[in-house]
Amino acid sequence: MKKTHSARTSFVLVVLVLLLLAGLPLAVWLDLSNLADANLRRQARDLNSIISSVRGYYGANVVGRVLASPGTTKVVHNYQDIPGAIPIPATLSLELGKVISEQQNNINYRFVSDYPFKNRPPHALDPFETSALSALRQNSNQQLAQVSATLFSDQVRLIAPVLMGQACVNCHNSHPESPKTDWKVGEVRGIQEIAIAQPIGNNIFAFKYLLAYFVLVATVGTLFTLLQRRQAAIINGMNLELETANEFLASLSTKISRYLSPQIYKSIFSGQKDVTISTERKKLTIFFSDIKDFTATTERLQPEQITQLLNEYFTEMSGIALAHGGTVDKFVGDAMLVFFGDPETKGDAEDAKACLRMAIEMQHRIASLNAKWRGSGIEHPFRVRMGINTGFCNVGNFGSNDRMDYTIIGAEANLAARLQSIAEPGQIVISYETYAFVRDTVVARALPPITMKGISREVIPYLVSGVLDATGKNVQVFSEHMTGLDFYFNASMIDTAKAPHIREILQGALKALDGG
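In short, a report on the structure. Just so you know, these numbers come straight off a predicted model, no measurement behind them.

Structural notes on the overall build of the chain
Argument step 1. Counting its regular elements, the chain contains twelve helices and 18 strands.
Argument step 2. Across the 516 residues in the chain, those meeting the buried criterion constitute 35%.
Argument step 3. In the chain, once contacts between residues fewer than 6 apart in sequence are set aside, the share between residues at least 24 apart is 65%.
Argument step 4. Surface summary for the chain: the accessible area is close to 30200 Å², and the carbon and sulfur share equals 58%.

Next comes the structure, spelled out in structure tokens:
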């Protein structure tokens with residue numbers, strides 16, 4: 001999923017870069033088109049103004065003076081056929097436009113009218129010229145333009161009115177070949193059209209620095225895109241390798257977690273604890289349990305059966321320990337060592353109470369497991385003794401740099417094992433140090449004092465015979481398992497609606513025991 005997202009992001013980035021690169025020449029092309037259009041309009045207006053000014057000057061200061069002083073000089077349209085004659089202003093305009101068109105290939109000049117002299121061919125007018133002539137006769141104080149553009153060139157056609165002056169009116173109204181003899185000063189005789197075309201490419205080289213910059217940007221952009229794609233490919237490959245490595249490490253860490261207590265595993269992999277040989281002295285509550293007559297039980301069962309029972313037993317007990325916050329230290333044969341107070345602690349008193357609650361729940365669970373195992377044909381299932389002590393121990397990593405174990409060492413840990421050894425099956429024996437923390441939650445009685453190597457003081461064990469509920473009432477628990485008897489009774493767990501039925505069962509059992 002991450003790989004697809006990365007590839008999609010890379011593709012979008014490449015498309016954006018290409019669009020930006022393509023947008024720059026498009027913007028330049030549009031600017032060139034606008035520039036060419038504005039330039040052509042200006043040229044057409046300037047040329048129109050020059051030709052009109054020349055014709056006006058010629059008509060007023062040359063033709064006008066000749067006509068005002070009659071002599072041998074004639075003013076005619078076919079002046080080339082008459083020696084000493086001069087052209088009329090219209091002919092001058094035509095020839096001037098012809099010269100300009102010949103010298104400038106991109107300029108076309110037309111001087112046309114829809115009233116040509118009778119001996120001349122009619123002028124062919126296109127739709128734009130026809131409509132322009134009609135519009136100018138409605139309003140002669142304007143100039144009309146038409147812009148046409150192709151992909152590579154622009155063209156501007158500018159049309160201005162040709163107005164009748166006094167000399168023109170006198171000539172046309174008296175000329176025998178004039179198709180119209182009622183001209184008035186200011187009327188539109190025809191149109192003067194200037195068409196200028198120019199390829200847009202001609203202006204490109206005016207932007208040589210911009211073009212050089214564009215080529216540079218395009219080159220850099222292309223290189224950037226290629227490098228980006230190459231880098232994306234490298235990153236995708238690295239991500240794939242990392243994903244593979246992460247999956248392997250996750251699988252490996254999951255397997256390693258099976259060999260460590262969850263608290264130890266969490267503290268190591270979160271960096272809270274270093275994997276070095278180091279210990280510290282802490283006050284812990286230590287729990288030790290052992291299965292009574294385990295060796296004899298193994299002799300009666302097949303190895304596969306004992307393995308299955310032991311694994312199920314440790315699985316259930318470990319789950320209870322973890323639920324109460326205990327750190328499962330190790331399994332020694334059929335024995336189990338759990339401690340409270342490291343690497344996480346809720347305080348000495350709360351750690352001790354949590355340990356005792358764990359032990360009581362374990363005994364309850366063992367009773368239900370025994371009933372299950374008896375139902376499956378195992379006559380003598382497990383009977384467990386438990387001991388709890390609170391005291392200072394060394395806790396941490398013990399061993400060598402190559403192989404170490406996170407455990408506890410100290411006489412107080414050995415005392416928990418000793419307390420377990422004096423307990424009867426199904427019993428929990430605690431030290432006075434533990435009893436001092438839990439006395440408000442249990443009912444316990446003192447046992448004869450014991451001594452132990454490594455501990456100078458006399459130890460007074462306490463046998464837990466019941467627990468106190470929230471009101472301080474003793475909750476009695478009866479548990480006994482032997483041939484012909486599988487009995488577990490906890491009054492606090494009995495539903496009052498079922499109490500009469502349970503009473504009948506117990507009374508029937510007593511009657512049967514008495515032989516009644």
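Let's pick the thread back up.
Brief notes about the environment of Q427
Argument step 1. Residue placement: Q427 occurs in the loop between α10 (411-422) and β12 (428-430).
Argument step 2. Judged by relative accessible area, which is 25%, Q427 ranks as partly exposed.
Argument step 3. Put simply, Q427 and Q363 are 64 residues apart on the chain and 8.2 Å apart in space, counted from C-alpha to C-alpha.
Argument step 4. Not counting chain neighbours up to four residues away, the residues in contact with Q427 comprise Q363, V384, R385, M386 and L463.

Side note on the environment of R445
Argument step 1. Looking at the secondary structure, you find R445 in strand β13 (residues 442-446).
Argument step 2. R445 has contacts with P461, Y462 and L463, leaving out every residue within four places of it along the chain.

Looking at the nonpolar core
Argument step 1. Membership of the largest hydrophobic core comes to 40 residues, with the highest contact counts inside it found for Y313 and F382.
Argument step 2. Considering every element that reaches this core, the biggest residue donor is helix α9 (residues 348-375), with eleven residues.
Argument step 3. Setting aside residues up to four positions removed in sequence, F382 forms contacts with I291, F294, T297, I306, L309, L310, Y313, I366, N370 and W373.
Argument step 4. Listed in part, the 13 residues of the second largest apolar core include I51, F111, V156 and V162.

A word on the pairing of strand β7 (residues 279-291)
Argument step 1. Strand direction decides the pairing type here: β7 and strand β10 (residues 384-399), joined by 13 bridges, are antiparallel. When the bridges of β10 are listed, E280 appears paired with V395.
Argument step 2. Here β7 runs beside strand β9 (residues 335-340); their pairing, made up of five bridges, is antiparallel. Of the residues in β9, the one forming a bridge with S289 is M336.

Observations regarding the sheet that holds strand β3 (residues 107-112)
Argument step 1. As summarised here, the arrangement of the four strands in space is β3-β6-β5-β4, forming an open sheet in which the pairing is antiparallel. Bordering the open sheet on either side are β3 and β4 (144-149), each of which pairs with just one other strand. Neighbour-to-neighbour, the strand axes of this sheet turn through a mean angle of 15 degrees, independent of strand direction.
Argument step 2. Contacting β3, β4, β5 (153-163) and β6 (188-199), helix α3 (residues 127-138) runs over the sheet at an angle of about 135 degrees to β6.

A closer look at the pattern of salt bridges
Argument step 1. A complete count under the given rule lists 17 salt bridges for this structure.
Argument step 2. Where K282 meets D342, a salt bridge forms, and the shortest distance between an N and an O atom there is 2.4 Å. Note that K282 is positioned in strand β7 and D342 in the loop between β9 and α9, a separation of 60 residues in sequence.
Argument step 3. Among the ionic pairs, D290 bridges to R385, the shortest N-O distance being 3.1 Å. Here the residue D290 occupies a position in strand β7, and R385 occupies one in strand β10, the gap between them amounting to 95 residues.
Argument step 4. Connected through shared salt-bridge partners, R110, D126, E129, R157 and E193 make up one network.

Rules used in this analysis
- Residues numbered from 1 in each chain as written.
- Predicted model: local features only at pLDDT ≥ 70, side-chain atom pairs only at ≥ 80, totals over all residues.
- Heavy atoms only, no water.
- Helix = DSSP H or I, 4+ residues; strand = E, 2+ residues; numbered from the N terminus.
- Buried < 20%, exposed > 50% of the residue type's maximum accessible area, 1.4 Å probe, protein only.
- Contact = heavy atoms within 4.5 Å.
- Areas by Shrake-Rupley, 256 points an atom, 1.4 Å probe, with all protein chains shown as cover.
- Core = buried A, V, L, I, M, F, W, Y, C linked by side-chain atoms within 4.5 Å.
- Pairing = 2+ DSSP bridges.
- Axes fitted to C-alpha atoms, helices over the stretch in contact; angles between N-to-C directions.
- Salt bridge = Lys/Arg side-chain N within 4 Å of Asp/Glu carboxyl O.

Nothing here speaks to function; it is all geometry.
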